[in-house]
Amino acid sequence: MRIVLVGPPGAGKGTQAAFLAKNLSIPHISTGDLFRANISQGTELGKQAKAYMDAGNLVPDEVTIGMAKDRMAKPDAENGFLLDGFPRNVSQAEALDVALKADDVKLDAVLDLEVPEDEVVKRIAGRRICRKDSSHVFHVTYSQPKQEGVCDVCGGELYQREDDSEDTVRKRLEVYHTQTEPIIDYYRTQGLVVTISALGKVDEVTARAMEALKGDK
Ligand code: AP5
Ligand code: MG
């Protein structure tokens, strides 16, 4: 399956993607995680992305689209993928359509995670991620690691993301409403959008998502 996951910052995209990708045997491709890996490795791409991310703005399309397409071209994504955080504006969605068309494939669904803003703020405020791999996500209350400050998966140090400060979160939410939400209408015209509530326990949301995707195709 080829799936796009969409939802506001802190909705639980990364958390759900980990389970959905496993259940569906497709790779989880997060442009945010790709940027963070580049930043921690000190690459040129990471240096370009960092200032935009720290300010809560989108990294320019010229950088982002190429990076996402390179990742999707890897062999593990040949038969499907779960995109998390890409596309994030209509021009990225159009670029993705062009790339998929060139490969003669199509998206199966756009899974839209709906969460009220006060819940998103609580989720982000308590989030801790792994220094070694930012796709390993925890929460000080809702998803505690077995040992405080240590990643259950790989033993890495847990820390608070630089862009999770109150001001930057406000900016990221504004960017989501103005630039990312329009892709939901874009995909609605293609009949691809499945909206679910992302409230409740992590495994309840995963079950809801699997059910919605099953009903889809
Ligand atoms: P990105 O990393 O994609 O961040 P985001 O979209 O803001 O989303 P988050 O990762 O903050 O939230 P999430 O929905 O993944 O939630 P999570 O699962 O962690 O992007 C970061 C930046 O990179 C952007 O601002 C931009 O600068 C740049 N960028 C990335 N892609 C780009 C693109 N395509 N174009 C341009 N720029 C781009 O969950 C949050 C917390 O809640 C966790 O602590 C988790 O444990 C907890 N939680 C999850 N589910 C539940 C639940 N059901 N109940 C209770 N707690 C829960
Ligand atoms: Mg994420």
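In this numbering scheme, every chain counts its residues from 1 along its sequence in written order. Key to labels: chains lettered from A, ligands numbered from 1, both in the order written. With pLDDT at 70 or above as the cut-off, local features in this predicted model cover only qualifying residues; side-chain atom pairs require 80 or more to be listed or tallied, and sums for whole chains, interfaces and linings still use all residues. Only heavy atoms go into the side-chain values, all of them from the structure, while hydrogens and water stay out.

J.: Could you give an account of the site of ligand 1, naming the residues involved and the relevant values?
T.: We call a residue near a molecule or strand as soon as one heavy atom of that residue lies within 4 Å of the molecule or strand. Around ligand 1 sit 34 residues in total, of which Thr15, Asn57, Arg88, Arg127 and Arg172 are the nearest. Polar contacts, as used here, are pairs of N or O atoms within 3.5 Å; protein pairs need one atom able to donate a hydrogen and one able to accept it. Residues neighboring in sequence count only if both atoms are side-chain atoms. A distance of 2.9 Å is found between an oxygen atom of ligand 1 and a backbone nitrogen or oxygen belonging to Gly14. Contact between ligand 1 and Gln92: a nitrogen atom at 2.9 Å from a side-chain N or O atom of the residue. All accessible areas in this document rest on Shrake-Rupley with a 1.4 Å probe, and a residue is counted as covered only by the protein chains that are shown. Relative to its free-state accessible area of 1100 Å², ligand 1 is covered by the protein chains to the extent of 96%. To qualify as a helix, a DSSP run of H or I must reach at least 4 residues; to qualify as a strand, a run of E must reach at least 2; elements of each kind are numbered from the N terminus. For the shell around ligand 1, the secondary structure elements donating two or more residues are helix H1 (13-24), helix H2 (31-41) and strand S6 (137-139). Top contributing element to the shell around ligand 1 by residue count: H2, with 4 residues. Gly counts as polar in this scheme, as do all residues outside two lists: the nonpolar Ala, Val, Leu, Ile, Met, Phe, Trp, Tyr, Cys and Pro, and the charged Asp, Glu, Lys and Arg. Of the residues belonging to the shell around ligand 1, the class tally is 12 nonpolar, 13 polar and 9 charged.

J.: Give a detailed account of helix H6 (residues 117-125), specifying residues and quantitative values.
T.: Exposure classes here rest on a 1.4 Å probe applied to the protein chains alone. A residue is buried below 20% of its type maximum, exposed above 50%, and partly exposed in between. Regarding H6, the residues found buried are Glu119, Val120, Arg123 and Ile124. Taken down its axis, H6 places every buried residue within 130° of arc, on the same side. The arc refers to the directions leading from the helix axis to the C-beta atoms.

J.: How would you summarise the environment of Leu34 if you had to cite specific residues and measurements?
T.: For Leu34, the position within the fold is in helix H2. Measuring from C-alpha to C-alpha, the distance between Leu34 and Gln190 comes to 28 Å, with 156 residues separating the pair along the chain. Those residues in contact with Leu34, other than ones at most four positions away along the chain, are Ile29, Met67 and Arg71. Between two residues, a contact is recorded if the distance between any of their heavy atoms is within 4.5 Å.

J.: Hey, could you go over the packing of H2 against helix H3 (residues 44-55) for me, with residue numbers and the actual values?
T.: As a packed pair, H2 and H3 sit with axes 8 Å apart at the nearest point and diverge in direction by 120°. Taken as a pair, H2 and H3 cross one another with a handedness that is left-handed. Within the contact between the two elements, H2 uses Gly32, Phe35, Arg36, Asn38 and Ile39 and H3 uses Leu45, Gly46, Ala49, Lys50 and Met53. Its residues assigned to classes, the contact of H2 with H3 shows 5 nonpolar, 3 polar and 2 charged. The axes used here are C-alpha line fits, helices contributing only the stretch in contact, and every angle between their N-to-C directions lies in the interval 0 to 180 degrees. When the near helix sits turned anticlockwise from the far one by under a right angle, the crossing is termed left-handed; a clockwise turn instead gives a right-handed crossing.

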